[in-house]
Each structure stands twice: as structure tokens, then as C-alpha cells.
Amino acid sequence: MCIRILIALAAACLAATAMAQTEKTVTSPDGTLILRPFQNAAYPHKSRENGYITQGKTYSAAEHYSDSTVGIFIPSGFRPGKSTDFVVHFHGHLNHVEQVFQQFNLGHEIVKSGVNAILLVPQGPKDVPDSGDGHLELDAGAFEALVREAAHYLKGAGRIASETIGHVAITAHSGGYEVVSAILHHGGLSDNITDVCLLDASYGGLESFADWAKGGHGRRLISIFTEHLASANVELMALMQERGVRFRVMLEPTARGAALKPRGALFVHTLDLAHNDVVAKNDTLADYLASSSLRKR
């Protein structure tokens, strides 16, 4: 009984620590970045309450799985409307939210895309080689709960006019694939998610991606991949074919601008971009979002 009480107290302390994190706002010509904790963030979560061991190294829960930060980027020129469109981006291994914004210049990508949407970047495993994503991966409806919490906060802060969720585009880089696959399966907002973009992020969960693509005429899935994920994308193509989902295969950089379509499945093989370059080196993310179903500014 004592051990159980101690574990419960430790979990409560982690949750309290997460929610005690302070809000930080950074403004730039591109827009406003808000970093703040959310109750429905990925962590803390019981799946990592004892930390995580991988490759012979232990990553503690306190240091790596207690951060409930979500980055919110509101682009300059954003126009509040009767509903709010969102882009939700999931980062890869060994990273954290603030660094992700800096490393991939995500605010600039949103502005350049021209979409009238707000970007959310939830903190996953913090600076860990781990694809687990706590609540957002394992708990049914958790993704919807987070997006609605963000909308409620933004409405209360006077940043948006309505908490009604419009179109949602989900993007994932590298290890972010696992949580996106789970979200498409049981995360909620299935009627709102119009676009999924895998940025060298097709390591697994492929059946969920194929099932999602089959589930609606207005849906679009794009997978850009480097050579090391070529076989995984061939497997995903086969799953699409089994489900009767039409797809196209193109080479980067020909898959740009007018060649992109807002619906269907598209596979883009890049021979020149490295794993970390596929997000923003050629404004890939901006280009893909520009051709999405999200409303424009």
C-alpha cells in the first residue's frame, strides 16, 4: 500500500510540475509564438511514469516526460472567422518544442504557405529517442481534447473569434509517425482532419494511414521520403492499392506548386534532401500546406 501511495504522489507531483510551467510569448515579423502548458498534452502520462530505457540509457520521467508544453503559432495576417483551421505538427526524436520551431523555422513555413490557420506543436518525449506520445498516442479522443482545449484558450485570450474547429492538417517529421497513426485511428476529429503529411515519417503504423486515406473523398495524404524509407513507402502504396485508394508517385523537386493536388494520396521520393532537410529546406512544408484544404489568408 505504501508503495502505491508513493507512486500516486510522484505522479501527482509530476502533473503539478507540468501545469506550473510558465507561459512564454515570442513575437516576430512572422507572427506570435506562445509556449504554454496544457492539461490535455501528451505528458505526464502513466506510460512513462517510470521513465524510459533505450539503447542502455535511462531517461527519467521528471526530466523527459513531465513537460506539457504546446507551442502555438499565430501567423501575422491571421483572420479570425466563424471557425478556426489548425495545423498540428509532431516532432521527431531528440527534440523539444522551442528547438523545433527554431530548427525548422516553422513559423516562416506557415506564413509562406498562406494558410489562415494556427499551428500547434505538442511536446512529445523531450530530447529522447522515443516515439511514444502518452495521452495523444494511447488515449481515445485525446487529440480532439487537446485541440479543443487550445481553441478554448485562444478564444479566451481574444486570439480567435470562435472555438468551432474547422479543417485540421496533421504533419509529422521522423519519429512523429507513431502518434499520428494512433490519432487517425482513435484520436477524434475524424470529420475535421483533411490532410496528413509525413515528412520522412513512414516508419510504421502504415495500415492506419491507408485506412484513413480510404475513409473520405476529401482527404489527402502526402508522404515525402528519403532512400532509407523507400521500402516502407512501397508497402504503404500496396496497402493503398488493396483499399482502392488512388495515388501518384513523383520525384522531388517536380512535386511542387501546381503539381500538388488538394485530394488523394501522393508519394514523393527525394534523392537530394537529407532526413532533416525534408521539412523546410526547400519550403517543403509551406508548399504542401499551400495546396491543402485549409483556408487561405
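Model, not experiment: these values are computed from the prediction. (Residues numbered from 1 in each chain as written. Predicted model: local features only at pLDDT ≥ 70, side-chain atom pairs only at ≥ 80, totals over all residues. Heavy atoms only, no water.)

## Here's the deal with helix α4 (residues 106-113)
Our working rule: Remark: exposure states derive from per-residue accessible area (1.4 Å probe, protein chains only) relative to the maximum for the residue type, with buried under 20%, exposed over 50%, and partly exposed in between. Secondary structure elements are defined from DSSP: runs of H or I of at least 4 residues count as helices, runs of E of at least 2 residues count as strands, and each element is numbered from the N terminus. The reported arc concerns the directions from the helix axis to the C-beta atoms and nothing else. Should any heavy atoms of two residues lie within 4.5 Å, those residues are considered in contact.
Here α4 has its buried residues at Leu106, Gly107, Glu109, Ile110 and Ser113. Mapping the buried residues of α4 onto a view down its axis gives an arc of 160°, with all of them on the same face. Packing partners of the buried residues in α4 comprise β5 (69-75), β6 (84-90), α3 (97-104), β7 (117-122) and α10 (284-290). Downstream of α4 by one or two residues, Gly114 has phi in the positive range, about 80°.

## Remarks on the sheet that holds strand β10 (residues 220-225)
Which entries qualify depends on this criterion: At least two bridges found by DSSP between two strands is the condition for calling them paired. Axis definition: a line fitted to C-alpha atoms, over the contacting stretch in the case of helices. Angles run 0 to 180 degrees between N-to-C directions.
Spatially, β1-β2-β5-β7-β6-β8-β9-β10-β12-β11 is the arrangement adopted by the 10 strands of the open sheet, whose pairing is mixed. A single partner strand is all that each edge strand has here, and the edge strands are β1 (24-28) and β11 (247-252). Averaged over all pairs of adjacent strands, the angle between their axes in this sheet comes to 15°, without regard to strand direction. Summarising the sheet, strand β8 (residues 165-173) and strand β9 (residues 193-199) pair through six bridges and their orientation is parallel. Among the inter-strand pairings, Val168 is bridged to a residue of β9, identified as Ile193.

## Considering the pattern of salt bridges
Which entries qualify depends on this criterion: The salt bridge definition used is simple: a Lys or Arg side-chain nitrogen within 4 Å of an Asp or Glu carboxyl oxygen.
Under the criterion given, the structure shown has 14 salt bridges. Residue Glu23 pairs with Arg36 through a salt bridge whose shortest N-O separation is 3.0 Å. Residue Glu23 is located in the loop between α1 (2-19) and β1, and its partner Arg36 is located in strand β2 (residues 31-37); the two are separated by 13 residues in the primary sequence. You can call Glu23 partly exposed: its relative accessible area is 41%. Put simply, Glu242 and Arg243 hold a salt bridge, and the shortest N to O gap is 3.8 Å.

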